[in-house]
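Analysis of the macromolecular model
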Amino acid sequence: MSGKYNGVQARISSIIPEATYVHCKSHCLNLAVVHSCKDNSVRNVMTVVQEIGFAFDYSAKRLQAFFDELSSDAATKENMEKRTKLRTLCETWWTSRADALYTFKTAFPVVVHSLERLQNLGDDKAGQHLASLMRFQFVIALVVSEHVLQSTVHLPIFLQGAECDLLEAVKECKTVVEMLRSERNDDNTYLMDIGLSLEDFKREVERWRARCRILPRDKVPTTLCQTLDIVNPHCIRLLIQYCVFS
C-alpha cells in the first residue's frame, strides 16, 4: 500500500501528482492500541482471556460445562445477548478485541463456576486458569481494558468511511480522548450512574466487614463468587468503578 515505487501511493501519484499520501488513520489507531496494551497488566489480561477462550473452545467437556452453567444463570445469559460461548481475540485488529473482552467480563461468573466445577472433577488446567482469574489486579485490568476499547470500537468504521476527511478524523479522535479524560477525572459521573453515594458505599463496606468478622472461619468467603453472595452488588460495582476511574 505505502511502497513509494510499486505501492498504491506510487500508482496514484503517477496519475495525480498533486495527491498527498497520508497514513491510514484507522491503522494508526490500531498501532496505538497495540502499543498501549504493552502494559504488563493489560497484556496479562489479553493472555489469560485468550488461553481460557481456547481452553473452552477446543474441549467438548469444558464447553459443555460452560453451557450448563450459562443455562442455569438467567441474568448472565440475558446480558450475553445471544452469545453462547467465549470469543477468542483477533490477532491483528485490536480494537475488535472489545467484543471478546465484553463477552468475557459479562460471562465472568459463569466462567468461574465452570472452572470450579471442572477443577472438582480433576481438571488441573482448570484450576490454573481459575487462579489466574481470582486476582484483584486481573479483574480491574479487565474492566479498564474493556471499557477503553469499547470507546474506540466505532472509530475504525468512521475513519475508513468514504466521506471522512483528515479534519473530521482528528475531530472524532479528540472527542473520544476528551470523553475518556472526562470519565477518568469525574468520580461523580459513575456514582450517579449507579445510584449509590460514597456514604452508602462506606456503609456497605463496614457492613460487609462486620458480617465477615462474625462468620465461622470455614464460612469466610475465599472466592469472588462467595464474596458476591455477601456484598451488595451495587457496592461491588462502585468498588470496581472507584478503583478504575479514581
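Residues numbered from 1 in each chain as written. Predicted model: local features only at pLDDT ≥ 70, side-chain atom pairs only at ≥ 80, totals over all residues. Heavy atoms only, no water.

So, on to the overall build of the chain. Assigned secondary structure in the chain consists of 15 helices and zero strands. Burial statistics for the chain: of 246 residues in total, 37% are counted as buried. Excluding contacts between residues fewer than 6 apart, the proportion of contacts in the chain whose partners are at least 24 apart in sequence is 65%. Here the chain displays about 15,400 Å² of accessible surface, and carbon together with sulfur accounts for 55% of that area. (Helix = DSSP H or I, 4+ residues; strand = E, 2+ residues; numbered from the N terminus. Buried < 20%, exposed > 50% of the residue type's maximum accessible area, 1.4 Å probe, protein only. Contact = heavy atoms within 4.5 Å. Areas by Shrake-Rupley, 256 points an atom, 1.4 Å probe, with all protein chains shown as cover.)

Between the first and last C-alpha of helix α11 (residues 166–185) there are 29 Å, a value that for 20 residues agrees with the 28 Å anticipated at 1.5 Å per step. Those residues of α11 not exposed but buried are A169, V176 and E183. Looking down the long axis of α11, one finds its buried residues gathered within 65° of arc, a one-sided arrangement. Exposed side chains of α11 directed beyond 90 degrees from the buried face belong to L167, K171, K174 and N185. (Expected span 1.5 Å × (residues − 1). Arc of directions from axis to C-beta.)

What follows deals with the side chain of T76. In this fold, T76 is placed in helix α5 (residues 74–79). Judged by relative accessible area, which is 6%, T76 ranks as buried.

This structure, assessed with the given rule, holds eight salt bridges. Between K105 and E146 there is a salt bridge, with its nearest N and O atoms 2.9 Å apart. Highlighted residues: K105 in helix α6 (residues 97–106) and E146 in helix α9 (residues 136–152), separated in sequence by 41 residues. Under the relative-accessibility criterion, E146 is labelled buried at 5%. Measuring nitrogen to oxygen at the nearest pair gives 2.8 Å for the salt bridge that ties E178 to R181. Taken together, the positions of E178 and R181, both in helix α11 and three residues apart, correspond to about one turn of that helix. (Salt bridge = Lys/Arg side-chain N within 4 Å of Asp/Glu carboxyl O.)

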